Amino acid sequence: MVDIIVADPQILTREGVKSILSGIVDINIAGTPSHPMELEQMIADLKPKVILIDPFYNNRFTLTDIRNILRRFNWTHILVLSNRQSKNKISEVLNLGIKNFVFKECSREELVNSVYTTANGQQFFCKNTFEILFGNKLLPDKDESLPQLSLRETELIRLITEGLTNKEIAEKLFLSIHTVKTHRKNIIKKLGFTFKNTAELASLIQK
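What comes next is a walk through the structure. (Residues numbered from 1 in each chain as written. Predicted model: local features only at pLDDT ≥ 70, side-chain atom pairs only at ≥ 80, totals over all residues. Heavy atoms only, no water.)

Moving on, we come to the overall build of the protein chain. Scanning the protein chain from N- to C-terminus turns up 10 helices and 6 strands. Burial analysis of the protein chain (207 residues in total) assigns 46% to the buried set. Long-range pairs, those at least 24 residues apart, make up 64% of the contacts in the protein chain between residues at least 6 apart in sequence. Surface summary for the protein chain: the accessible area is close to 10800 Å², and the carbon and sulfur share equals 50%. (Helix = DSSP H or I, 4+ residues; strand = E, 2+ residues; numbered from the N terminus. Buried < 20%, exposed > 50% of the residue type's maximum accessible area, 1.4 Å probe, protein only. Contact = heavy atoms within 4.5 Å. Areas by Shrake-Rupley, 256 points an atom, 1.4 Å probe, with all protein chains shown as cover.)

This next bit is on the environment of Phe125. Counting through the fold element by element, Phe125 comes out in strand β6 (residues 124–125). For Phe125, a relative accessible area of 0% translates into the label buried. Considered as a pair, Phe125 and Asn100 are 25 residues apart in the sequence and their alpha carbons are 5.8 Å apart.

A separate point is unusual backbone geometry. In this model, Asn58 sits at a positive phi of 65 degrees, which is unusual for a non-glycine residue. Position of Asn58 among the secondary structure elements: in the loop between β3 (50–53) and α3 (63–72). At Asn59, a position not held by glycine, the phi torsion is positive, near 60 degrees. One can find Asn59 in the loop between β3 and α3.

What follows concerns the pairing of strand β4 (residues 77–82). Counting buried residues along β4, 5 of its 6 residues qualify, which places the element largely inside the surrounding structure. Alignment of β3 against β4, held across 4 bridges, turns out to be parallel. In the sheet register, Leu52 faces β4, and the bridge partner there is Leu79. One crossover worth recording links β3 to the parallel β4 by way of α3, and it is right-handed. Where β4 lies against strand β5 (residues 100–103), 3 bridges are found, and the strand directions are parallel. Along β5, the bridge assignment pairs Leu81 with Val102. Handedness of the crossover is the feature at issue here: the chain leaves β4, passes through helix α4 (residues 87–94), returns alongside β5, and the resulting connection is right-handed. (Pairing = 2+ DSSP bridges. Right-handed = clockwise from strand over helix to strand, strands pointing away.)

Here we take up the packing of aromatic side chains. Throughout the structure, instances matching the rule amount to 3 aromatic pairs. Summarising the aromatic geometry, the rings of Phe56 and Phe101 are spaced 6.5 Å apart at their centres and angled 35 degrees between planes, so their arrangement reads as tilted. Of this pair, Phe56 sits in the loop between β3 and α3 while Phe101 sits in strand β5, placing them 45 residues apart in sequence. Judged by relative accessible area, which is 0%, Phe101 ranks as buried. Here Phe101 and Phe103 contribute two aromatic rings whose centre-to-centre distance is 5.8 Å and whose plane-to-plane angle is 85 degrees, an arrangement assigned as edge-to-face. Each member of the aromatic cluster is reached from another via a ring pair, and the members are Phe56, Phe101 and Phe103. Between Lys104 and the ring centre of Tyr57, over which it is positioned, the NZ or CZ distance is 5.9 Å. (Phe/Tyr/Trp six-rings, centres within 6.5 Å; stacked < 30°, edge-to-face > 60°. Lys NZ or Arg CZ within 6 Å of the ring centre and 35° of its normal.)

The structure is reproduced here in structure tokens:
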């Protein structure tokens, strides 16, 4: 069972997330705090596996609150659920060590996948967050002499960011698992360590 806390100042967001996730048998909404003090008390009492938090709306919850959570409760995992943000704003979150970020415009499937992936300590970006960070074509700047990703490799990365496993990707693309693994290795080999976003991309496609 994945116990989660939904920390958001907007009641419609809290209730909306509850409505989407309440039908998932192994996900439990343990609490829905609307203030930082309430959030910290719930974390201490309920010990959730995942905390969904919006640090950008109305200054109710902030990046400072996330820092405090990381300092006091380093056993829990944080998933930022926010309205669409700029690359700089997303980077501020990533620089705190948070590696899970989805927009409130994401699909139901992406939200569910993000919760599971975060609970497992793995990275997850919804496809729109990923596009803002890495660009629509997932390519380096033209002045960087690096190989171009194929359409299949681009498609594979997008499925990985949605939280699909090798088996699920293979079934979706009608490929063998061996072929999927080969594509993953080729992506890293193609981009190499000169790609400006290699650290983030490699963490997405690691085994």
